[in-house]
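# Understanding the architecture of this molecule
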Amino acid sequence: MDIRYKLYPYPVLSSYADDYENSCFDAKISPKRDGHGIRFDFFAKLVNEELNELLEKGKACFVYHLECAQTGYRTVVATGNAETTHFVSDKSVRGRLQICPFIIATEDLPAYVNRGFHSDYRGFKFSIEAGCVMAVGSQVNIDIDNEINDLSNTPSVFSIIKNDDKAAQGMVVDMEYRKIVIKLPEEEFYNFKSIRDEIVIKPVLNSLVVIPALTYVLEEVAKRDTGERYEYSSYSWYRAIKKALATKFNCDIESEQLSEKNILELSQKLIDTPITDALRVLSDGYGNISEEDDE
Amino acid sequence: MNITFLGEDNLYALKSNLPQIFAKFSSENSDWITEYFGRSPFSETKYPLEDFPLDMSQEKPFLTEFENVQRVYNRLNFLSDSQASDERLWAGLCLNHFYNYTQYRWDIINKCTVDNIMQHFFFGFGARRSLTRNALSRLWWIGRLTYDTSRNDPFELTRFVCENADYIMHILERNTSNNPMITKAFLSAIIDARKDGCPINTDTVGELSKYLNLLGGTYILDCLPEEKIYGKIFDYAQTITKS
């Protein structure tokens, strides 16, 4: 479920409409990994006397609507308390979990009035049925990496594959998968494949293949408006880069900070600047080292 | 044998190169896949799977849907929802054990196009819709969303949705189907309305699905008692079929 800025036939307390005055509702939602799942701590904040009274009398409740589009997981956490917790197993969710906070009526309210109503509604009474929305908070999206429950573990965010398009030249980078897919023409791919497991040559391959691809990807991300970058967050590669930028470079990928960075420099640092070792390997004579190793 | 899945890099290699290799999917067996990679691209999970066939006896493949949902869901109901939404698992099964079934069910030989292959061997749509379009995950998820142990026949709701491919689209591809309580209330109401004499067809099921969606805009359906959803759908079915 996505919260849409829709209109109701009666006043609803929300951040996007002015149906109420001097009132507010929102919830702080804190996820914490807890073994093979995630524990969510919910803290609701409500400023409105009549709605608080309805909650105290059990005529309304806080509801957190949890939905994972990929697995079809859908549940509600309903409580009369401002603070509550809920556990979601890794077995139930994969990718993005959407959480929407609401206050709903738990019984029919045939003559609902509220002193917080906008002046346009003053003097009116509204009939609200049980199950109807009375307040809407801000939606929170949580992207879950549940590799523990995965069928296999694939730590790299890059997938380097053969390009069967005979007309293709050079590498092609595709960002529309869970990993960053780098496609190499057939001959280049088999040459790459024949040496990719040799540890000594890894910095060379990273400089030749991974750095340009990562630079391209970061530039594509940086081109988008900061508010739109979140759309990539269903991809594992995006979440991995976001985390690395935040922890190692104090850089928020969804802010202007990324656009202000030197992307080439940043992508090299993210891969631990392989050019130094790459050039050393080449200047030492990679072929000679291999021959010596063979002896 | 154990369930096999397609490695992630191999999955991308096939999907990403589909415009060049799609014609291979009409081959009579899947040996070409091993030849393509130069080795088997499949990896084993820890989950055992008895070798079982799927029904391919009908001239119209959709008529095998109900039987095959039961065969797949009965054997694989131990999968978690998270595992059952993993493209690597279902693509692996479609390309390996159930290659010929996938060809049969979705007429791949005669409709060997990039789109048809992408949708039915792989996940070709968004995350949720892909689950009911991939040839194998579709069978599992129809079972998952309609199997009801509280009934004498746990597959009673399954039998109803498998009467018509449009029912599957109208009912199971909507977000409301994600809550089993809502799905069961909705399907029970339609089945009972039909028993009560209401003519139920794809148009009425489509209308009722829209109505459920409309209700979801007013109520938090997940918070309503099952009987209330049942009652609203049953009443509306009477209204639109007897007016």
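Residues numbered from 1 in each chain as written. Chains lettered and ligands numbered in written order. Predicted model: local features only at pLDDT ≥ 70, side-chain atom pairs only at ≥ 80, totals over all residues.

## Remarks on the overall build of chain B
If you tally the helices and strands in chain B, you get 14 helices and two strands. Relative to the 2.2 N^0.38 estimate, which gives 18 Å for 243 residues, the radius of gyration of chain B is 19 Å and therefore close to what a compact globule would have. Principal-axis analysis of the C-alpha atoms places the extent of chain B at approximately 60 × 35 × 35 Å. Burial statistics for chain B: of 243 residues in total, 46% are counted as buried. Pairs at least 24 apart in sequence give 72% of the contacts found in chain B among residues at least 6 apart. (Helix = DSSP H or I, 4+ residues; strand = E, 2+ residues; numbered from the N terminus. Rg over C-alpha atoms; globule rule 2.2 N^0.38 Å. Buried ≥ 20, exposed ≤ 12 C-beta atoms within 10 Å, placed from the backbone. Contact = placed C-beta atoms within 7 Å.)

## Focus on the nonpolar core
Counting 129 residues, the largest nonpolar core has Ile104 and Met134 of chain A together with Cys94, Phe186 and Ile233 of chain B as its most contacted members. Excluding anything up to four places from it in sequence, Ile104 of chain A contacts Ala60, Cys61, Val63, Gly131, Cys132, Val133 and Met134 of chain A together with Ile220 and Cys223 of chain B. (Core = buried A, V, L, I, M, F, W, Y, C linked by C-beta atoms within 7 Å.)

## With respect to the domain arrangement of chain A
All names here are of chain A. When the domains of chain A are assigned, the result is domain 1 (24-149) and domain 2 (158-294). Inter-centroid distance (C-alpha atoms) of domain 1 to domain 2 is 41 Å. Listed as interface residues are four residues of domain 1 and, on the opposing side, four residues of domain 2. Within the side of domain 1 that touches domain 2, the residues separate by chemical class into no nonpolar, one polar and three charged. (Domains from an automatic or database assignment. Nonpolar A, V, L, I, M, F, W, Y, C, P; charged D, E, K, R; others polar.)

## Some thoughts on the interface of chain B and chain A
Contacts between chain B and chain A engage 31 residues on the former and 41 residues on the latter. Only α1 (8-16), α2 (18-21), β2 (42-48), α5 (87-95), α8 (127-131) and α13 (202-218) of chain B provide two or more residues apiece to the side of chain B that touches chain A. Broken down by element, the side of chain B that touches chain A gets its largest block of residues, five residues, from α1 of chain B. Residues belonging to the side of chain B that touches chain A are distributed by class as follows: ten nonpolar, 14 polar and seven charged.

## With respect to the sheet that holds strand β13 (residues 180-185) of chain A
Residues and elements named next belong to chain A. In space, the three strands of this open sheet follow the order β11-β13-β12, with mixed pairing throughout. Edge positions in the open sheet fall to β11 (158-163) and β12 (172-174), since each of these has one partner strand only. On average, each strand axis in the sheet is inclined to that of its neighbour by 25°, with strand direction left out of account. The sheet contact formed by β12 and β13 spans three bridges and is antiparallel. Within β13, the position partnered with Asp174 by the bridge is Val181. Contacting β11, β12 and β13, helix α3 (residues 202-223) runs over the sheet at an angle of about 130° to β13. (Pairing = 2+ DSSP bridges. Axes fitted to C-alpha atoms, helices over the stretch in contact; angles between N-to-C directions.)

## Observations regarding the domain arrangement of chain B
All names here are of chain B. For chain B, the domain assignment lists domain 1 (1-150) and domain 2 (164-243). Relative placement of domain 1 and domain 2: their C-alpha centres are 30 Å apart. Tallying the contact residues gives seven residues for domain 1 and nine residues for domain 2. For the side of domain 1 that touches domain 2, the element with the most residues is helix α9 (residues 135-146), which contributes three residues.

## A closer look at the environment of Ala78 of chain A
Among the secondary structure elements, Ala78 of chain A is positioned in strand β4 (residues 73-79). Look at Ala78 of chain A and you get partly exposed, because 17 C-beta atoms sit within 10 Å. C-alpha of Ala78 of chain A to C-alpha of Ile160 of chain A: the two residues are 82 residues apart in sequence and 46 Å apart in space. Aside from chain neighbours lying at most four places away, what touches Ala78 of chain A is Cys61 and Val63 of chain A together with Cys223 of chain B.

## Section: the packing of helix α4 (residues 65-76) of chain B against α9 of chain B
All names here are of chain B. Contact pair α4 / α9: the axes reach a minimum separation of 8 Å and the direction vectors enclose 80°. Classified by the angle between their axes, α4 and α9 sit roughly perpendicular to one another. Packed against α4, whose contacting residues are Asn68, Val69, Val72, Tyr73 and Leu76, the element α9 presents Leu136, Leu139, Trp140, Ile142, Gly143 and Arg144 at the interface. For the contact of α4 with α9, the class distribution of residues is eight nonpolar, two polar and one charged. (Parallel < 35°, antiparallel > 145°, perpendicular 65-115°, else oblique.)

## Section: unusual backbone geometry
Positive phi values are uncommon outside glycine, yet Asn22 of chain A reaches one of about 50°. With respect to the element layout, Asn22 of chain A can be found in the segment before β1 (24-33). Overall, the presence of 9 C-beta atoms within 10 Å leaves Asn22 of chain A in the exposed class. Of note, the phi angle at Asp107 of chain B is positive, near 50°, even though the residue is not glycine. By secondary structure assignment, the location of Asp107 of chain B is in the loop between α6 (99-105) and α7 (114-121). Judged by local crowding, Asp107 of chain B falls into the exposed class, with 12 C-beta atoms found within 10 Å.

## Points about the packing of helix α11 (residues 165-172) of chain B against α13 of chain B
Residues and elements named next belong to chain B. Interhelical geometry of α11 versus α13 gives an angle of 5° and a closest axis separation of 9 Å. Judged by the angle between their axes, α11 and α13 are roughly parallel. From α11, Asp166, Tyr167, His170 and Ile171 reach across to α13, where they touch Thr202, Val205, Gly206 and Ser209. Among the residues forming the contact of α11 with α13, the class breakdown is three nonpolar, four polar and one charged.

## Observations regarding the confidence of the model for chain A
Residues and elements named next belong to chain A. On average, residues of chain A carry a pLDDT of 87, and 91% of them reach 70 or more. Considering each helix and strand of chain A separately, the mean pLDDT is smallest for helix α8 (residues 286-294), with a value of 51, and largest for helix α1 (residues 49-56), with 96. Taken as a whole, residues 147-154 scores under 50 in pLDDT and shows 16 contacts with residues more than four places along the chain or in a different chain. Taken together, the stretch residues 290-295 has pLDDT below 50 and engages in zero contacts with residues farther than four places along the chain or on a different chain. (pLDDT = per-residue confidence, 0-100.)

## Concerning α3 of chain A
All names here are of chain A. End to end, α3 covers 30 Å across 22 residues, agreeing with the expected 32 Å (1.5 Å per residue, within 8%). A bend of about 35° at Val210 is the largest found in α3, and the proline Pro212 appears one to four places after it. When we look at burial in α3, the residues that qualify are Pro203, Val204, Asn206, Ser207, Val210, Ile211, Ala213, Leu214, Val217, Leu218 and Val221. The inward-facing, buried residues of α3 abut β11, β12, β13, α5 (256-260), α6 (263-270) and α7 (275-284). (Expected span 1.5 Å × (residues − 1). Bend = angle between axes of the 7 residues up to and from the residue.)

## As for the sheet that holds strand β5 (residues 83-89) of chain A
All names here are of chain A. Taken in spatial order, the three strands of this open sheet run β1-β2-β5, and their pairing is antiparallel. Each edge of the open sheet carries a strand with a single partner, namely β1 and β5. Shown here is a sheet whose adjacent strand axes are inclined to one another by a mean of 20°, direction ignored. Bridge analysis of strand β2 (residues 37-47) against β5 gives seven bridges, and the strand direction is antiparallel. Bridge pairing in β5 links Phe42 to Thr84.

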